[in-house]
Amino acid sequence: MNFIVNRKLAVKYGVKEAMVLNRIRAELLAREVMHYPKRAGKHWCRMSYKVLAAKLPILTVSSAGRILRKLVTLGLLQRGIHNDNCFDHTASYTFTEYGRAIVEDAYART
């Protein structure tokens, strides 16, 4: 299985973090293309730690959670709960303005 890793993001944040950023970027771009509804003016990617670990088998469930929390702490991702069911606490993620600028700059110059 091949994984796409942006070298600039990998050097700055780590290889696994760059893989997660790429995955979230791909999910958000797909939602934009398919005209999914926006919440709070942004497209959101609903993703649990288990789902992320399944999509990127190099990650464990705990490392997926650690990486997502790290990217939120660094200000690259924004976390929200946007579920219709009040018992569902699966988080959704989107880029902050800072995060979007960093990621798009890294991919624009590759």
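Everything below is about the structure shown above.
None of these values were measured; they are calculated from a predicted model.

Colleague: In this structure, what is going on with the pattern of salt bridges? I would like to understand it.
Modeller: In a structure, side chains of opposite charge can pair up when their charged atoms sit close to one another. This structure, assessed with the given rule, holds five salt bridges. The partner of Glu17 in a salt bridge is Lys70, and the shortest N-O contact between them spans 3.1 Å. Placement of the pair is Glu17 in helix H2 (residues 15-33) and Lys70 in helix H4 (residues 61-73), with a sequence separation of 53 residues. Residue Lys70 is classed as partly exposed on the basis of its relative accessible area, which comes to 32%. The closest approach of N and O atoms between Glu27 and Arg23, which form a salt bridge, is 2.9 Å. With Glu27 and Arg23 both in helix H2 and four residues apart, this pair spans about one turn of that helix. Taking relative accessible area as the criterion, Glu27 reaches 11% and is therefore assigned buried. It is possible to trace a salt-bridge network through shared partners that takes in Arg23, Glu27, Arg31 and Lys55.

Colleague: Could you clarify how one ought to interpret the sheet that holds strand E1 (residues 45-46) in this entry?
Modeller: Neighbouring strands of a sheet are bound in pairs by backbone hydrogen bonds; such pairs are parallel or else antiparallel. One open sheet holds the three strands; their spatial order is E1-E3-E2, and the pairing between them is antiparallel. Two strands in the sheet have a free side with no partner beyond their single neighbour: E1 and strand E2 (77-80). Judged from the four bridges that link them, E2 and strand E3 (residues 92-95) form a sheet pairing that is antiparallel. Bridge assignment links Leu77 to a residue of E3, and that residue is Phe95.

Colleague: How should the packing of aromatic side chains be read in this particular structure?
Modeller: Aromatic ring pairs are described here by two measures, namely the spacing of the ring centres and the angle between the planes. Enumeration over the complete set of coordinates arrives at zero aromatic pairs. In this structure, Arg25 packs its charged tip against the face of Tyr107, placed 4.0 Å from the ring centre.

Colleague: What's the story with the nonpolar core in this structure? I'm lost.
Modeller: One recurring pattern in soluble globular proteins is that nonpolar side chains are buried together. Among the nonpolar cores identified, the biggest contains 27 residues, and Leu9, Val20, Leu21, Ile24, Leu52 and Leu77 are the most heavily contacted of them. Every element with two or more residues in this core is listed here: helix H1 (7-13), H2, H4, E3 and helix H5 (97-108). Looking at this core element by element, the count peaks at six residues for H2. Residues in contact with Leu77, not counting those within four places in the same chain, are Leu21, Ile24, Leu68, Leu71, Val72, Tyr93, Thr94, Phe95 and Thr96.

Colleague: Explain H4 here, please?
Modeller: Each turn of an α-helix holds 3.6 residues, which means side chains three or four residues apart point in the same direction. Here H4 is 13 residues long and its end C-alpha atoms lie 18 Å apart, about the 18 Å a rise of 1.5 Å per residue gives. Among the residues of H4, Ser63, Ala64, Gly65, Ile67, Leu68 and Leu71 are the ones counted as buried. Buried-residue contacts for H4 involve H2, helix H3 (49-55), E2 and E3. Two residues or fewer past H4, Gly75 is found with a positive phi of approximately 85°.

Colleague: Is there a simple way to explain the environment of Ala26 in this structure?
Modeller: Mapped onto the fold, Ala26 is located in helix H2. Note: C-alpha distance between Ala26 and Ser63 (37 residues apart in sequence) is 20 Å.

Colleague: Even after reading the chapter, I still don't get the side chain of Ser92, so can you show me in this structure?
Modeller: Positionally, Ser92 belongs in strand E3. For Ser92, a relative accessible area of 4% corresponds to the buried category. When neighbours within four sequence positions are excluded, Ser92 is seen to be in contact with Trp44, Cys45, Arg46, Gln78, Arg79, Gly80 and His82.

Reading the values: rules and limits
- Residues numbered from 1 in each chain as written.
- Predicted model: local features only at pLDDT ≥ 70, side-chain atom pairs only at ≥ 80, totals over all residues.
- Heavy atoms only, no water.
- Salt bridge = Lys/Arg side-chain N within 4 Å of Asp/Glu carboxyl O.
- Helix = DSSP H or I, 4+ residues; strand = E, 2+ residues; numbered from the N terminus.
- Buried < 20%, exposed > 50% of the residue type's maximum accessible area, 1.4 Å probe, protein only.
- Pairing = 2+ DSSP bridges.
- Phe/Tyr/Trp six-rings, centres within 6.5 Å; stacked < 30°, edge-to-face > 60°.
- Lys NZ or Arg CZ within 6 Å of the ring centre and 35° of its normal.
- Core = buried A, V, L, I, M, F, W, Y, C linked by side-chain atoms within 4.5 Å.
- Contact = heavy atoms within 4.5 Å.
- Expected span 1.5 Å × (residues − 1).

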